[in-house]
Every structure is written in C-alpha cells, then in structure tokens.
Amino acid sequence: MTLPRLSPDCLDTLDASIRRPAYHRCQEAGIIHLGVGAFHRAHQAVYFDQLMAQGEAGWQIRGASLRSARVAHQLNPQGGLYTMVQRDGPATQLRVIGALTDVLVAPSDPETLIAALAEPSVALVTLTITEKGYHLDPDTGELMLTDAAIKADLERPSRPSTAPGFLVAGLAARRAAGLPPFTVLSCDNIPDNGLRTRAAVLGFARQVNPDLADWIEASVAFPGSMIDRIVPATTAEDIDALEAMTGYRDEAMVKTEPFTQWVVEDNFCHRRPALETVGVQMTDDVAAWERAKLRLLNGSHSALAYLGALAGHTYVHEAIADPVFARFVDRLWDEVEPVLDGPAGFDATAYRAALKSRYANSALNHSLVQIAMDGSQKLPQRLLASLRAQREAGLPMAAILMAVAAWMRWQSGVDEAGETFTVDDPLAAVTAAALEKAGPDPDERAAALLSIEAVFGRDLKNDPVIASALGHDLAALMSRGARACLSDFDV
Ligand code: CS2
C-alpha cells in the first residue's frame, strides 16, 4: 500500500512529536534560491524556517533547479514541505520545514525564473550551485568567457542556463522595472564565495551591457559566507524508513546531523533578515572561518574519501573508526594547523575534537564516494592551499602530500580490489587522457596530473620537490595500498 504523500493538508494529522512550521506559510517569496539540493534544505532553509517561526515574516523561499526537474517532482506535489531528519547516533528528531514555497525548473522555463527574480518582494538571492557552477577560471578568478555554457548564455542572455546568466538577467529586469537590486548571497563551500560570485556576475554583465555592469558594481551586495552542516545524500532506504516511522511518504526528506553553523558577512543592499536571532554569526571576517572549515573539515573529508574508499571503506564513520585512518587525520591536522590563520580566538583543539565526533555519527551513513566527487574542483581550497602554505613555511607536508597522491590514485577509476568505478568530476576526461598518455609509471602519472594547471596552478606544477614526493607516494599507494601507506604515519 502506498501511504499518503506529505502535504499541507496532512500537517494537522502528524504525530505530536514531529515539529512543524509554526507560522502562516504564504506564496510570496522574499528569497530565490538557486540549486535546491539536500544541503540547502538542511541548512539555510532551516534558518529561515526558524526566523519565520519567531515572527519575522517575508522570508519564504522560492527554489529553482538549474539542471533537472528531479527536486521539483519531489517537492512540488508536497506543497514545498519536507522533513528534516536529524540523527545523532540512535536519537532521531523529525521536523517539517515550511520555508520553501515551490521549485521552478529553469532549463524548461527560464523566463519564469527571470520573472521570479524580478518580483518586488524578492530581497535576497541565495546560491548552492557547487564549485563548478561559477564558471570561473581557477588561475585568474575571472569568468571563463570561452566556457561552452557561458558562451551560449552570452549569445542568448534572455534564455540563460547558468547561474551568472540568470543573476544578470534578473538584475537587468529589476533595473528596467525601477526596482532595487537583491542581495546575492553565495552559500557554496568555496573561499571568497562572495567575491567570486561578484566576479562571475560582473564578468557576465560587462559582456552584455556595460551600463548594467556599472549599476551592478555600484549597487549590488555580494556578502561572503561560511556554511557547515554534514548532509549526506538521501537514499531510497532513508525514505522508506521515514515512511515506516511516520505513516507518510516524503520524497524530499533530508537527513543531517545536529551540528549546524553559518557565518555571514554583514553586507546587504536590500532588506536584511535578522539572521543573528537564529544563531547565524554575522561578521566582517568570513575568510578566516572559511579557511578553518575548508582546510580542517573539508581537507580531512577529501583525504578520508580517497584513501578510505580505495582501501574498501564505504562511509565516513567506518573510516574514522579505523585507528590507522583516525591517526592519519590527526597527522594531517597537525600539519595544517600551524598555517591555518583561523578566526580570532579559534580553538583548534576543540574544533578537531568536535569534527572527530561528528565524523563518528554512525546514523548518517555519509558515503566516501559522495565526498570524492568533483575532486578537481575541491582540491585547491581543501588541500592545496594548505600545501602551499606549508611548503612556503618549510613545514612538514607528508600527510597532505599523501592525501593529494590518493586523489591521483583515485583518478585511475579502479580501486584496490580491482573494481572499476566512474570518476565523477568535470575534469574526468582530462585526467583520464593525462593518465593514458603517462602509462604505468607512477612518477610519470603523478607528473601528468600535476601538470593540469586548472587544479595545481603553475607554481605546484613546476615544483620539483612536490613532483618527486607525489610520484613517490603514488608509487607506494599503487604497490602497497592506502592502509599500509597510512600505517607509516602511525607514530
Ligand atoms: C563534503 C561536504 O561532500 C563533500 O565534499 O566534504 O559536503 C561537507 O559534508 C560539508 O562541507 C560540511 O559542511
């Protein structure tokens, strides 16, 4: 028997233990969010749900998918409602979030999204479009005008497909209608996300209309932000388990941990939500928080992903329960910590201990392969920024080099059990071609990957010390396997 879908009509019938939206939900959106993935639903949307529950109206979110209609099919039949399943070991808390109104599907109907961006009620546009959604040149930080999607959008700016294209079209429509611009708040896990979003939008606008670009430059705010919450992809089993627990079916549920953090630069050009009243840290120094989070959390996540998955682990909690891996993570943090330059008063010891217990949360089933995805986009800010700083300061870098070598080993698409897998990465074809040309020799393979400037830049590519260390580590990973290599760090 198929149970009823979660919807506004069934809210009153839910079990009293399930928290639900404690405010009047309306259809008028104050926010447009691009990229309605699980992360957005378990993070920003929850803060706005709380804000509205505390009585601050006007922050309903209209979502837009820039790629498929999948999330729209999950959420729209549920009136935008979904359950956040918060798991802490055996303890589970359920909360129905009401902040989203609905989800637009941009590829099939770009005009509706542009019109939504130009609604007078909209004061804020937030984004989680992942690293690759910005189309920026990793070397120069400028919009890649030769990128196929950007080129197509520039040829037809009234029917864009990319985030920069939509933001510019929306801002142009507001300017034409005499409306104030919205604030653009990136919630992606990249350093200087505000500045990068600004570079992407201005780079696009300059090509379309220099006057418009001047207006954007002068009047639009692009605050930076640091976001943190572990939100593994929802599985079919998660949906079935929730159904068994509650008696309703929720195709849009998300699962997450109790921890959540959001640090936002206090720089808004339109109506500003009182986010500080719902636990958001408003600050002028987002960059220091970004460094701490990207280099300690995400750096170790990526290291665990490649090394752990190669060695046969499936989930983060399994890898961290393996003492060899847990000790390696400590060695990695020991290396990174002296060059972290974190926020004032940052307690690295407490932060590290908290990360260890977050990783150990066995109820999350956070898949290592999910974290391994898009490594070419993630490595620079997660591992290579630390590596550069360590190298410059003449500090030890054995653990971080081993993590980078593991990414190199991962690019072969075959794990240590000889199983093939798909390397899920926008540069997968480039890395595969480099490895094919290099042949079986580990030094050649490491050198071939190191020469990809989009990942390693010119400096690392031309650094003989780094090249030889990576060749050495890759050889060890290929011959001895990840677990044996990590036991060398077990001192
Ligand atoms: C993870 C992140 O998938 C990944 O690459 O490292 O999504 C991580 O879970 C979040 O950044 C935590 O805030």
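Not measured: the values here are computed from a predicted model. (Residues numbered from 1 in each chain as written. Predicted model: local features only at pLDDT ≥ 70, side-chain atom pairs only at ≥ 80, totals over all residues. Heavy atoms only, no water.)

What follows deals with the domain arrangement of the protein. Taken domain by domain, the protein consists of domain 1 (8-284) and domain 2 (287-486). One C-alpha centre belongs to domain 1, the other to domain 2; they are set 29 Å apart. Listed per partner, the contact involves 29 residues of domain 1 and 26 residues of domain 2. Summed over both partners, the interface of domain 1 with domain 2 buries about 2,200 Å², with 52% contributed by carbon and sulfur atoms. In this structure, the connection of domain 1 to domain 2 is made through 4 salt bridges. Here domain 1 is connected to domain 2 by 12 residue pairs in polar contact (both at pLDDT 80 or more). (Domains from an automatic or database assignment. Contact = heavy atoms within 4.5 Å. Buried area = accessible area lost by both parts, 1.4 Å probe. Salt bridge = Lys/Arg side-chain N within 4 Å of Asp/Glu carboxyl O. Polar contact = N/O pair within 3.5 Å; in protein donor to acceptor, adjacent residues only side chain to side chain.)

Here Gln44 lies in helix 2 (residues 44-53). Separated by 3.1 Å, the side chains of Gln44 and His43 make a polar contact. Contact partners of Gln44, with chain neighbours within four places excluded, come to His33, Phe39, Thr128, Cys187, Ile227 and Trp262. (Helix = DSSP H or I, 4+ residues; strand = E, 2+ residues; numbered from the N terminus.)

So, about the pairing of strand 1 (residues 31-34). Residues Ile31 and His33 line one face of strand 1 and the alternating positions Ile32 and Leu34 line the opposite face, and both faces are buried. With 4 bridges joining them, strand 1 and strand 6 (residues 124-127) adopt parallel strand pairing. What sits directly across from Ile32, in strand 6, is Val125. (Buried < 20%, exposed > 50% of the residue type's maximum accessible area, 1.4 Å probe, protein only. Pairing = 2+ DSSP bridges.)

Another aspect to go through is helix 6 (residues 163-176). Here helix 6 spans 20 Å end to end across 14 residues, near enough to the 20 Å set by a 1.5 Å rise per residue. Most of helix 6 is tucked away, with 10 of its 14 residues classed as buried. Within helix 6, burial applies to Ala163, Pro164, Gly165, Phe166, Leu167, Val168, Ala169, Gly170, Leu171 and Arg174. With a side-chain oxygen lying 3.1 Å from the backbone nitrogen of Gly165, the N-terminal cap of helix 6 falls on Thr162. Gly178, located one to two residues past helix 6, shows a positive phi value of around 75 degrees. (Expected span 1.5 Å × (residues − 1).)

On to the sheet that holds strand 3 (residues 82-88). The mixed open sheet is built from 3 strands, whose spatial order is 4-3-9. Both edges of this open sheet fall to strand 4 (91-97) and strand 9 (254-256), since each of them pairs with a single strand only. Along the sheet, successive strands turn relative to each other by an average axial angle of 20 degrees, direction set aside. Relative to strand 4, strand 3 is paired through 7 bridges, and the arrangement is antiparallel. The residue bridging Thr83 from the neighbouring strand is Val96, located in strand 4. Contacts between helix 2 and the sheet are confined to strand 3 and strand 4, with strand 4 contributing the most and set at about 70 degrees to the helix. Packed onto the sheet, helix 9 (residues 236-246) meets strand 3, strand 4 and strand 9 and runs at close to 90 degrees relative to strand 4. (Axes fitted to C-alpha atoms, helices over the stretch in contact; angles between N-to-C directions.)

Taken as a whole, this structure holds 10 aromatic pairs when the rule is applied. Measuring from ring centre to ring centre gives 6.2 Å for Phe48 and Trp262, while their planes differ by 75 degrees; the resulting arrangement is edge-to-face. Separated by 214 residues along the polypeptide, Phe48 in helix 2 and Trp262 in strand 10 (residues 261-265) bring together distant segments of the chain. Relative accessible area serves as the criterion here: at 0%, Trp262 is assigned to the buried category. Three or more aromatic residues joined by ring pairs form one cluster here, namely Tyr47, Phe48, Trp59 and Trp262. The ring of Trp59 carries Arg271 above its face, with NZ or CZ at 4.2 Å from the centroid. The ring of Phe259 has Arg358 lying over it, and the distance from NZ or CZ to the ring centre is 3.8 Å. (Phe/Tyr/Trp six-rings, centres within 6.5 Å; stacked < 30°, edge-to-face > 60°. Lys NZ or Arg CZ within 6 Å of the ring centre and 35° of its normal.)

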